[in-house]
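Given next are the chains, with one letter for each unit.
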Amino acid sequence: MSDLIKLVEAEDAEARKNYPDFKAGDTVNVHVKIREGNKERVQQFRGTVIQRKNPNTNGETFTVRKVSNGVGIERIFPILSPNLDKIELVRKGKVRRARLYYLRGKQGKAARIKERI
Amino acid sequence: MTSLFDENGRNIPCTVIEAGPCVVTQIKTKETDGYEAVQLSWGERKDKHTTKAMKGHFQKAKTSPKLKLAEFRDFQLNSEEELTLGQTLEVSSLFEEGDYVEAIGTSKGKGFQGVVRRHNFAGVGDATHGQHNRMRAPGSIGAASYPSRVFKGMKMAGRMGGDRVQVFNLRVLKIMPEENLIVVSGAIPGAKNSTVILEK
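Not measured: the values here are computed from a predicted model. (Residues numbered from 1 in each chain as written. Chains lettered and ligands numbered in written order. Predicted model: local features only at pLDDT ≥ 70, side-chain atom pairs only at ≥ 80, totals over all residues. Heavy atoms only, no water.)

Draft legend 1. How the structure looks around the domain arrangement of chain B. All names here are of chain B. Along its sequence, chain B is carved into domain 1 (21–89) and domain 2 (92–123 + 155–200). When each unit is reduced to the centre of its C-alpha atoms, the spacing between domain 1 and domain 2 is 23 Å. Each partner contributes residues to the interface: domain 1 has eight residues there, and domain 2 has 11 residues. Around 730 Å² of area is buried between domain 1 and domain 2 when both sides are counted, 58% of it from carbon and sulfur atoms. A per-residue breakdown of the area domain 1 buries against domain 2 is headed by Phe72, Asn78 and Leu89, which together make up 55% of the total. Counting every contact that joins domain 1 to domain 2 gives zero salt bridges. Where domain 1 meets domain 2, there are zero residue pairs in polar contact (both at pLDDT 80 or more). For the side of domain 1 that touches domain 2, the element with the highest residue contribution is strand E5 (residues 66–72), accounting for three residues. (Domains from an automatic or database assignment. Contact = heavy atoms within 4.5 Å. Buried area = accessible area lost by both parts, 1.4 Å probe. Salt bridge = Lys/Arg side-chain N within 4 Å of Asp/Glu carboxyl O. Polar contact = N/O pair within 3.5 Å; in protein donor to acceptor, adjacent residues only side chain to side chain. Helix = DSSP H or I, 4+ residues; strand = E, 2+ residues; numbered from the N terminus.)

Draft legend 2. The arrangement of the pattern of salt bridges in detail. All names here are of chain A. Summed over all chains, the structure comprises 11 salt bridges over all chains. With a shortest N-O distance of 3.4 Å, Arg116 and Asp26 are connected by a salt bridge. Of this pair, Arg116 sits in the segment after strand E7 (114–115) while Asp26 is found in the loop between helix H1 (2–16) and strand E1 (27–36), placing the two residues 90 residues apart along the sequence. Among the charged side chains, a network of salt bridges with common partners joins Arg65, Glu74 and Arg104.

As structure tokens, this is what we get:
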């Protein structure tokens, strides 16, 4: 049966190819479409990717964390959401795990991530 | 299960069902059977697993032995054409995107379950106030000397699941005619690879 699911998901998998290949630790700039009444505008959300969940399925999401005015903010985006305009890869990070939950407990200098070249 | 996004950007959980090709194996009429119905079949059954009686039944429709049979009353195709015995029906001749369908299946077996899980009893709210090991107990199952028995159908612990379950108002999100696949919103009863009956 899971093969049948793959058939259905195959069409959506094409959409995924429009995005850069990013992973946990990378800094991304996510352009999100926001609808206000009839108007539509694009908002940017820039931060560190701390995880990608359920990879290569229609339910795949990624979490972006940023610190705004001293408050940590995390947003979870479904990667196939039509509300995503585009994803820019700003900086690649060198990390040793796939889920960077440890960043939540760190501030300032301690929350830095080395660049991957 | 998987998920699809609709035009508003909402993420809709959905189930993929292989619905066809179905062969018409019998057309029941008022004269011969006392009621009107259409019998459809799905899947291939091995020849050695088919009884002689069933082989004859499939021979009448000039088709190979099938795995599952189901009967439908008030059967109608999307188009006006007449049904014939042995006709093969594809998904697209029965369903359209945007239709609401019902799925009938056998729910997953849950084993022997207590009343809290099986009948949604509340259990005992407190761990203290005189309770010792009564947190999920059913409580009283009836009065004493009258009627001096327990009424039939009393909700008690026992085997749960494996029942016939019908789910209504599943929206058809997508139809893939080449693979005979149909994608409906929400969950349907039963385990993966189990059989369900879809009705419109």
